[in-house]
Amino acid sequence: MVAVPAVSRGLEDVVALESRICFIDGVRGRLIYQGYDIRDLAAHSSFEEVAYLLWYGRLPTAPQLAELRGRLGALRALPPELVRQIDSMPVGSTPMDVLRTSVSALAMFEPSETGPGASSIGGAQRLTAVIPTILATFHRRRAGLPPLRERPDLSPAAYLLYALVDREPTELEARAMDVALILHADHELNASTFAARVTASTLSDLYSAVTSAIGTLKGPLHGGANERVMELLAAIGTPELAETVVKERLAKHERIMGFGHRVYKVEDPRATILREWSKKIGEAKGNLRYYELLRKVEEIVHREKGLYPNVDLYSGSVYSLLGISHDLFTPIFAASRVSGWTAHVLEEYQDLRLIRPTARYIGATDLAYLPLAQRTG
Ligand code: SDX
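Everything in this summary refers to the structure shown in the same document. (Residues numbered from 1 in each chain as written. Predicted model: local features only at pLDDT ≥ 70, side-chain atom pairs only at ≥ 80, totals over all residues. Heavy atoms only, no water.)

### Focus: empty space enclosed by the protein
Going by this rule: Only protein atoms enter the 1 Å grid used here. Points where a 1.4 Å probe fits but cannot escape make up a cavity, open sets with protein on both sides within 12 Å along at least five of seven lines make up a pocket, and a residue lines them when an atom lies within 4 Å of a point. Grid points are joined across faces, edges and corners, and a volume is the space filled by probe spheres set on the points. Numbering of helices and strands runs from the N terminus; a helix is a DSSP stretch of H or I covering at least four residues, while a strand is a stretch of E covering at least two. The classification used treats Ala, Val, Leu, Ile, Met, Phe, Trp, Tyr, Cys and Pro as nonpolar, Asp, Glu, Lys and Arg as charged, and all other residues, Gly among them, as polar.
Scanning the entire structure with this criterion turns up one cavity of 30 Å³ or more. Estimates place the volume of the largest cavity at around 90 Å³. The wall of the largest cavity is formed by Phe47, Leu72, Arg76, Thr128, Ala129, Pro132, Pro156, Tyr159, Leu160, Leu181 and Ala335. Every element with two or more residues in the lining of the largest cavity is listed here: α6 (121–143) and α7 (156–165). Across the lining of the largest cavity, the residue classes break down as nine nonpolar, one polar and one charged.

Structure follows, in structure tokens:
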């Protein structure tokens, strides 16, 4: 009798491949990029240094980091054909739709050395450099902000902030954004990274793989949660009402966004760091309202459901305090995760195996074909 393999819904606990890029210890609440603990990277590194680490598997020397900074600064501009396409998109479009469409279209205007054909680190650097410009080109038009100016002097984090809120970020604001980008850069085989690897495993190109990932990240069970956390805070209003609102939603078996995780069985270490930054930026801005509300919601959800916060619980409060529109939160997630997506795609190309699981068929078999004239419904 041949053993029938059990179905694992959502591929839960299925080990699909081996990778050197990211390790999540769900029991101890640890996150490691290429051997380095996220707490060390959030304390001492920069997004561009982490992108280098994900792509090359080692921390850069000073000259290597300077060279990468220069390349990322030089790769930010969009081809005029794409600017025209973005300018033709309805101002009411969802920024994640604008991003997904623009990355897909960009592939057709790229020169060979950084285009999809390269499917190399050059393409990874191009996509990492250009996503903030795509977002800003759309957002500045709908917000009536002046056109984006070249700012090769700004780090990726400072440039992203300048591009989206049109002012020079303070050192603290730029550091908050840098830490957020570090924390979101990679997370093993999350849904969007898996989508990118599935696409790459067919030998499709880097831009197609990132387009698949963006469409996947858009979902509220994955990347879209931090926007909905802010909607929850708006619905609660004051800490006194938190208990009533949260319990009402739990009673209706609704998910409280920003809580729970498929892998972490304890607190997501990124939530720990983002909670500190939510307080730090709140104190700097004289506005601890989000932080205090979130602490109250945390206490209720943990007491009622035993759930811990994930990366999405505090990120929205940091972005809001930085003056960023809510519907740009998930695109910011993409602006960071593109470094991880592209690292995984390149790893897939190195050790290629078509990703093709099976399904257990539970439908009928051997039905007799009935000619159309004899079918009565
Ligand atoms: C990200 O995979 C990654 O690594 C993703 C990510 C990354 O960096 O790429 O970490 C980023 O996506 C973070 C997650 C953001 N999403 C949310 O915050 C949405 C809310 N969270 C849930 O939808 C849920 O926790 C998931 C989707 C994150 C994980 O869901 P699972 O592993 O499929 O867990 P489950 O649905 O089987 O739930 C187990 C139980 C259920 O209770 P019962 O029905 O069995 O009684 O826990 C409950 C769920 O109802 N539960 C929740 C809950 N999450 C789980 N109940 C209320 N609110 C929640 N948020």
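### Looking at the packing of helix α5 (residues 95–106) against helix α10 (residues 206–217)
How two helices pack is summed up by the angle between their axes together with the distance between the axes. Selection criterion: Axes, fitted as lines to C-alpha atoms, cover a helix only where it is in contact. Angles between the N-to-C directions of the axes lie from 0 to 180 degrees. Angle categories are assigned with fixed cut-offs, so that under 35 degrees is roughly parallel, over 145 is roughly antiparallel, 65 to 115 is roughly perpendicular, and the rest are oblique. Whether two residues are in contact is decided by their heavy atoms: any pair within 4.5 Å suffices.
At their nearest, the axes of α5 and α10 sit 9 Å apart, and the two run at 170 degrees to each other. Here α10 runs roughly antiparallel to α5, going by the angle between their axes. Along the contact surface, α5 presents Met96, Leu99, Arg100, Val103, Ser104 and Leu106, while α10 presents Tyr207, Val210, Thr211, Ile214, Gly215 and Leu217. Of the residues in the contact of α5 with α10, the class split is eight nonpolar, three polar and one charged.

### Let's talk about the site of the ligand
Condition: It suffices for a single heavy atom of a residue to lie within 4 Å of a molecule or strand for the residue to be listed as near it. Side-chain atoms alone can form a polar contact between residues adjacent in sequence; in general such a contact is a pair of N or O atoms within 3.5 Å, and within protein one must be able to donate a hydrogen while the other accepts it. For every accessible area listed, the method is Shrake-Rupley and the probe measures 1.4 Å; residues are considered covered only by the protein chains on display. Grid points define the cavity or pocket, and a molecule sits in it when more than half of its atoms lie within 2 Å of them.
Surrounding the ligand, one finds 22 residues, the nearest of these being His187, His261, Arg262, Arg270 and Arg337. Gly258 is positioned with one of its backbone polar atoms (N or O) 2.8 Å from an oxygen atom of the ligand. Here an oxygen atom of the ligand sits 3.0 Å away from a polar atom, N or O, in the side chain of Asn310. Within the complex, 71% of the 1000 Å² of free accessible area of the ligand lies under protein. Comparing atom positions with the cavity grids shows the ligand to sit within the largest pocket. Per-class residue counts for the shell around the ligand are eight nonpolar, seven polar and seven charged.

### Considerations on the sheet that holds strand β2 (residues 30–33)
For clarity, the threshold we go by: For two strands to pair, DSSP has to find at least two bridges joining them.
Taken in spatial order, the three strands of this open sheet run β1-β2-β3, and their pairing is antiparallel. The open sheet has two edge strands with one neighbour each: β1 (22–25) and β3 (36–37). When β1 meets β2, the two strands line up antiparallel, connected through four bridges. Following the sheet pairing, Asp25 is matched in β2 by Arg30.

### Regarding the nonpolar core
Note the cut-off: In these notes, a set of buried Ala, Val, Leu, Ile, Met, Phe, Trp, Tyr and Cys residues joined through side-chain atoms within 4.5 Å is what counts as a nonpolar core. Only protein chains enter the accessibility calculation, which uses a 1.4 Å probe. A residue is then buried if its area is under 20% of the maximum for its type, exposed if over 50%, and partly exposed in between.
Ranked by size, the top nonpolar core spans 104 residues in total, and within it Tyr33, Leu99, Met177 and Ile324 carry the most contacts. For this core, the leading source of residues is helix α16 (residues 329–350), giving ten residues. Apart from the residues within four sequence positions on either side, Met177 is in contact with Ala157, Leu160, Leu161, Tyr319, Leu322, Ile324 and Ile332. Formed by five residues, the second largest nonpolar core is a distinct cluster that contains Ala158, Tyr159, Tyr162 and Ala174.

### Here we look at the pairing of β2
Between the antiparallel neighbours β1 and β2 lie four residues, among them Gly29 with a positive phi of about 70 degrees. Pairing of β2 with β3, which is carried by two bridges, proceeds in the antiparallel orientation. Across the sheet, the residue bridging to Ile32 is Asp37, located in β3.

### As for the side chain of Glu347
Note on placement: Glu347 falls in helix α16. Apart from the residues lying within four places of it in its own chain, the contact partners of Glu347 are Glu18, Ser19, Arg20, Ile21 and Arg197.

### Remarks on α5
Here is the rule we go by: Under the convention used throughout, the expected extent of a helix is 1.5 Å for every residue step, that is, one less than its residue count.
Given a rise of 1.5 Å per residue, twelve residues ought to cover 16 Å, and the 16 Å separating the end C-alpha atoms of α5 matches this to within 8%. Buried residues of α5: Pro95, Met96, Val98, Leu99, Ser102, Val103, Ala105 and Leu106, and no others. The inward-facing, buried residues of α5 contact α4 (80–87), α6, α10 and α16.

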